[in-house]
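# Inside the fold
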Amino acid sequence: MELQALPSRIGQVRRIVSAQLRYWHMDLLIDRAVLGVTELLTNVHLHARPDKTCTVEMELLLDRLTVSVRDQDPSLPVVDDAEPLATRGRGLAMVAAMSESWGARPDGESGKVVWFTLPTAVGAVPPVSTCPPRRLVEDVPVAAFAEVEHAVDLGSPQPAPARPAVVG
């Protein structure tokens, strides 16, 4: 897709990337792909000359997703060591940290392509979960159920204490 790398357009591209990855059933890649494309488009917005026109491409192969941004500025990006209190200068370092690989190459005489790859293998992208792993009933010893049965007196139900519906 071709676009102007303006802040309002970058948000639209994030939504398009998310929707495409959902369509491909690659939901586990959405957060990292969106972060990466946001950083690359922000670099076009901040640094590309003479204009902010660029093209975003996504290629899904069997084992990897490649996201690339092509612009009309021939100067290749440089990863900077940002000062601790700097508000800019960490984008490419984040892309490098969250991707399998990344790079930049000249594109003709007046442009460049900056890209990153993400592995598509299920085992390569750990799911983020706050829930403990589920266990099968066969994994739970029978003694655990017996302990619960003895701990709860099911024969004499006790009424729950009355509570007001309105606090105050």
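Whatever comes next refers back to the structure up there.
Structure report, in brief. Bear in mind that the values here come from a model prediction, so they are computed numbers and not experimental data. (Residues numbered from 1 in each chain as written. Predicted model: local features only at pLDDT ≥ 70, side-chain atom pairs only at ≥ 80, totals over all residues. Heavy atoms only, no water.)

Judged by how many residues are buried, strand β3 (residues 64-71) sits mostly within the fold: 6 of 8 residues are covered. Pairing of strand β2 (residues 53-60) with β3, which is carried by 7 bridges, proceeds in the antiparallel orientation. Pairing of L60 across the sheet is with L65, part of β3. The antiparallel pairing of β2 with β3 creates a hairpin that spans 3 residues between the two strands. In this structure, β3 lies alongside strand β5 (residues 112-119), joined through 8 bridges in antiparallel fashion. (Buried < 20%, exposed > 50% of the residue type's maximum accessible area, 1.4 Å probe, protein only. Helix = DSSP H or I, 4+ residues; strand = E, 2+ residues; numbered from the N terminus. Pairing = 2+ DSSP bridges.)

What follows deals with the side chain of S18. Within the secondary structure, S18 is located in helix α1 (residues 7-23). What makes S18 buried here is its relative accessible area of 11%. If sequence neighbours within four positions are ignored, S18 has contacts with I30 and V34. (Contact = heavy atoms within 4.5 Å.)

Sheet analysis places strand β4 (residues 101-106) next to β5, joined by 6 bridges and oriented antiparallel. If you follow W102 over to β5, its bridge partner there is F116. Connecting the antiparallel pair β4 and β5 is a turn made up of 5 residues, with G108 showing a positive phi of about 70°.

Right, let's get into the side chain of E39. Locating E39 in the fold gives a position in helix α2 (residues 30-47). For the buried E39, no salt bridge exists, and the shortest N-O distance to an oppositely charged side chain is 8.2 Å, to R14. Among all residues touching E39, those that are not within four sequence positions of it are G91, M94 and V95. (Lys, Arg positive; Asp, Glu negative; His and termini not counted. Salt bridge = Lys/Arg side-chain N within 4 Å of Asp/Glu carboxyl O.)

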